[in-house]
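Coordinate inspection notes
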Amino acid sequence: QLQLVESGGASVQAGGSLRLSCAASGLTFMGWFRQAPGKDREFVSAISRTGGSTYYADSVKGRFTISRDNAKNTVYLQMNSLKPEDTAVYYCAARKYYSVNYYSVGAYDYWGQGTQVTVSS
């Protein structure tokens, strides 16, 4: 059973930065999703097992950067130029290999417990 543990969520002002971390107990294809109150969970970013390929939602492209350190079994989401609309619970997710449906909630087999990000204007 793969364990995922997120950390790094906080309250920040608009324009600020945060770095989320997700510790995983194995080498997998990883994704970040977020869910705002009253909204569906949505794709944010994903990264291949080696880190050689990354994927982003249009809403975060150019502001967020996903990376991983496989020696530490950790995936990061660097979030810059944060906006109030980025406020959500952020979840990391994992599946064994790449899927063409990497942007879909249903493509992932394992989920973390979530970490709250609040951006105030």
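As a starting point, this report considers the structure included with it.

**What to know about the environment of L4**
- Among the structural elements, L4 can be located in strand β1 (residues 4-7).
- Filtering out sequence-adjacent residues up to four positions away, L4 remains in contact with C22, A23, A24, M30, C92, A93, A94, Y110, W111, G112 and Q113.

**Things to note about the packing of aromatic side chains**
- For the coordinates displayed, the defined rule picks out 13 aromatic pairs.
- Ring centres of Y55 and Y102 lie 4.3 Å apart, and the angle between their planes is 35°; on these two criteria the pair is classed as tilted. With Y55 in strand β6 (residues 54-56) and Y102 in the loop between β9 (88-95) and β10 (110-111), the pair connects residues that are 47 residues apart, well separated along the chain.
- A connected cluster of aromatic rings, assembled from ring pairs, spans F29, F33, F43, Y55, Y91, Y98, Y102, Y103, Y108 and W111.
- When the ring centre of Y91 is taken as origin, the NZ or CZ atom of R41, which lies over that ring, is 3.7 Å away.
- Above the face of the W111 ring, R41 is positioned so that its terminal group lies 4.9 Å from the ring centre.

**Here we look at the pairing of strand β5 (residues 42-47)**
- The buried count for β5 comes to five of six residues, which makes it a mostly enclosed element.
- Relative to β5, strand β4 (residues 29-35) runs antiparallel, the two being bridged by five bridges. Following the sheet pairing, F33 is matched in β5 by F43.
- Linking β4 to β5, which pair antiparallel, is a turn of six residues; within it G38 sits at a positive phi near 75°.
- Pairing of β5 with β6 involves three bridges; the strand directions are antiparallel.

What counts, and where the lines are drawn
In this convention, every chain numbers its residues from 1, walking through the sequence in written order. pLDDT decides what is reported in this predicted model: residues at 70 or higher carry local features, side-chain atom pairs at 80 or more are listed and counted, and totals for whole chains, interfaces and linings draw on all residues regardless. Computation of side-chain values covers all heavy atoms of the structure but excludes hydrogens and water. Each helix corresponds to a stretch of at least 4 residues labelled H or I by DSSP, and each strand to a stretch of at least 2 residues labelled E; elements are numbered beginning at the N terminus. The contact criterion used throughout is that any non-hydrogen atoms of two residues lie within 4.5 Å. Pairing of aromatic side chains requires ring centres within 6.5 Å, counting the rings of Phe and Tyr and the six-membered ring of Trp. Pairs whose planes differ by under 30 degrees are stacked, by over 60 edge-to-face, and all others tilted. We count a charge as sitting over a ring when the NZ of a lysine or the CZ of an arginine lies within 6 Å of the ring centre and within 35 degrees of the ring normal. A simple rule labels every residue: compare its accessible area, found with a 1.4 Å probe on the protein chains alone, to the largest value its type can have, and call it buried under 20%, exposed over 50%, or partly exposed in between. At least two bridges found by DSSP between two strands are what make those strands a pair.

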